[in-house]
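Coordinate analysis (summary)
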Amino acid sequence: MDLHDKEILSGEILPVVIIGNGPSGICLSYLLSGYTPYLSPGASHPNPLLNSKLREQPHLSLLEQDLEYLCEGLEGRSSNPVAVLFDSLLLPDSDFGLDHTSPLEWRYEAERAIPHLVLGKGPPGGAWHAMEGSMLTLSLANWMELPGLKLKDWMREKRRNVRNDRATPAEIASYYQHYVSQMSLEQSFACGTTVTSVTRQPASPDGSPPCWRVTGLQRREGEELADGSSVSEEVPFSLLAHNVVLATGTHDIPARLGVEGESLPFVCHSFWELEAAISRGELDQSSDPVLVVGAGLTAADAVLAAHHLNTPVYHAFRRSVTDPGLIFNQLPKLLYPEYHKVHQMMTQQQQRPSAPAPDQAQNLNDNSTSSSPSPSPSSYTGYLSFPRHRVVAFRPDKKCILESESGQRTVVQVSKALVLIGAHPNLSFLEDNGRPLGIYQNETITCRRNPIEVDPFTNGVVAADGPGMYAMGPLVGENFVRFLKGGALAIASNIAKKQREESGREEGDFTIDRVMERWADRQARAGVCVLDS
């Protein structure tokens, strides 16, 4: 959709603007477009308490029911109660490996549709389009799907055997893009947009209520050149909205260690840089070791990629290999054999402290000691882990200084260093990069340590400058697609409730009915972003 449409958008306050077109934004768009979940007639849920509650008012849609009441007594792998509820309804008892049929049925009810815009930098699917395409996803295939379109069925139509019940990121990205087209949501998606500011607008003298102003740039293709190419241009846009939803994800800015030498050319912060080095033939079995820093899944993928080339690997991380918080200790071995292999390597091939080597102490502080790496006996040749170690510094001669909890330092010679310790969201469009919205208001927003603080049953942002700001997905700590759908349910339910309360009342110069009429007219006349389905 082209936002450079002054005739349609000028002065109009849209009900909802969603910033981010990944699975969070797509799922919320689905619920706001009139697709409504009900308890299917004759269906039952394996949880007797939840089943009893659902049967109390089966004529009401899930969007109209008391979500807090339905959530009572439920337990799951998410700390968000609505996420646990919706996951339990979409995939009953899936944590136990059972394949119960969902008790929900989806009805398309056009009268429930709420006009909205979904803004995204690239095609629908968000960060999934930028992920490495050959590795398997962490989640089972059905955990990655969105309501109304079975991922396995879609994959079978693509004539691919479902391997180990998991898909690749490239397949997931294609599925999300196809989903938007299949569900006829593309009229609400504006691709190529970068949001630069979200601010609270006070009530205007003409009686328009307070709202949110969303400004930014939209990339548009310019005139076609003689060689058939075209020059793109960025056109400013400005939107007013009663509700704004933050759904940007957290993959924008790689996290950094903040140590000396981290900006040296051989220090990388993304898996893609390792792939590029491999494709250029820079790494093989004769290379100096690659240092991988981090103990998450991306770090594990880097270990596997380098190990596959027989390139030696040093692997440094802060946690113990037995730490229950380590992701590898939370994954079933049978479902994730490749990550179980990495965990075995981390456990069995650890560095053994040895006596300091006097000739290596020259690069260190006077009060420090140093040792060279010494492996434990293992079958994983060419790999050495450094549990409970941190990076002290990177040197221009491609030497890295590691330090253990006890203070012993080790110098390692490497060809490349990959710092893969997570990422931060780009919330530069918010005041102070969104820090005031976090649980710890003076710290950077992160998925695990400092998510945006929201109401658990509406996903409304607690510290927002005014009502109508929501956050969902990784920004509130939900890193798995299966659980971020609960945020979409909470937000859609709360917005629908507010609209029911405001039904028949004018808001500024536009009633909800007039906005709906203008929105339908725009959908009929506007261009849409190109989707590959």
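Above this text sits the structure in question.
Residues numbered from 1 in each chain as written. Predicted model: local features only at pLDDT ≥ 70, side-chain atom pairs only at ≥ 80, totals over all residues. Heavy atoms only, no water.

Let's talk about the overall build of the protein
Scanning the protein from N- to C-terminus turns up 13 helices and 22 strands. Here the protein holds 533 residues, and the buried ones make up 52% of them. By sequence separation, contacts in the protein at least 24 residues apart represent 70% of the contacts at least 6 residues apart. When the accessible surface of the protein is split by element, carbon and sulfur atoms take 48% of a total near 24400 Å². (Helix = DSSP H or I, 4+ residues; strand = E, 2+ residues; numbered from the N terminus. Buried < 20%, exposed > 50% of the residue type's maximum accessible area, 1.4 Å probe, protein only. Contact = heavy atoms within 4.5 Å. Areas by Shrake-Rupley, 256 points an atom, 1.4 Å probe, with all protein chains shown as cover.)

Points about empty space enclosed by the protein
Enumeration according to the criterion identifies one cavity of 30 Å³ or more in this entry. Considering only enclosed or pocket space, the largest cavity measures out at about 40 Å³ in volume. Lining of the largest cavity is provided by P37, Y38, L39, L54, L60, S61, L62, Q65 and L104. For the lining of the largest cavity, the per-class residue count stands at seven nonpolar, two polar and no charged. (1 Å grid on protein atoms, 1.4 Å probe; cavity = no way out; pocket = protein on both sides within 12 Å on 5 of 7 lines; lining within 4 Å. Points joined across faces, edges and corners; volume = space filled by probe spheres on them. Nonpolar A, V, L, I, M, F, W, Y, C, P; charged D, E, K, R; others polar.)

Focus on helix α11 (residues 337-348)
Taking 1.5 Å as the rise per residue, α11 with 12 residues should run 16 Å; its terminal C-alpha atoms sit 16 Å apart, in good agreement. Buried within α11 we find Y339, V342, H343, M345 and M346. One side of α11 carries all its buried residues, which in axial view fall inside an arc of 155°. Lining the buried residues of α11 we find α10 (297-308), β12 (313-316) and β14 (383-386). (Expected span 1.5 Å × (residues − 1). Arc of directions from axis to C-beta.)

Focus: the pattern of salt bridges
Summed over all chains, the structure comprises 15 salt bridges. Here E282 makes a salt bridge to K416, at a shortest N to O gap of 3.9 Å. Within this pair, whereas E282 is found in the loop between α9 (271-279) and β11 (290-293), its partner K416 is found in strand β18 (residues 416-419), the two being separated by 134 residues in sequence. Of the residues examined, E282 reaches a relative accessible area of 39% and is grouped as partly exposed. When salt bridges with common partners are traced through the structure, they connect E64, E109 and R112 into a single cluster. (Salt bridge = Lys/Arg side-chain N within 4 Å of Asp/Glu carboxyl O.)

Let's talk about the sheet that holds β14
Strand pairing within a sheet occurs via backbone hydrogen bonds; the two strands may be parallel or antiparallel. Spatially, five strands are ordered β10-β18-β11-β12-β14 in an open sheet, and the strand pairing comes out parallel. Of all the strands in the sheet, just β10 (267-268) and β14 have a single pairing partner and so form its edges. In the sheet, β11 pairs with β18 via four bridges, with the strands oriented parallel. Residue V293 lies in a different strand from β18, and its bridge partner there is V419. Across the sheet, α10 lies against β11, β12, β14 and β18, angled at about 165° from β12, the strand it touches most. (Pairing = 2+ DSSP bridges. Axes fitted to C-alpha atoms, helices over the stretch in contact; angles between N-to-C directions.)

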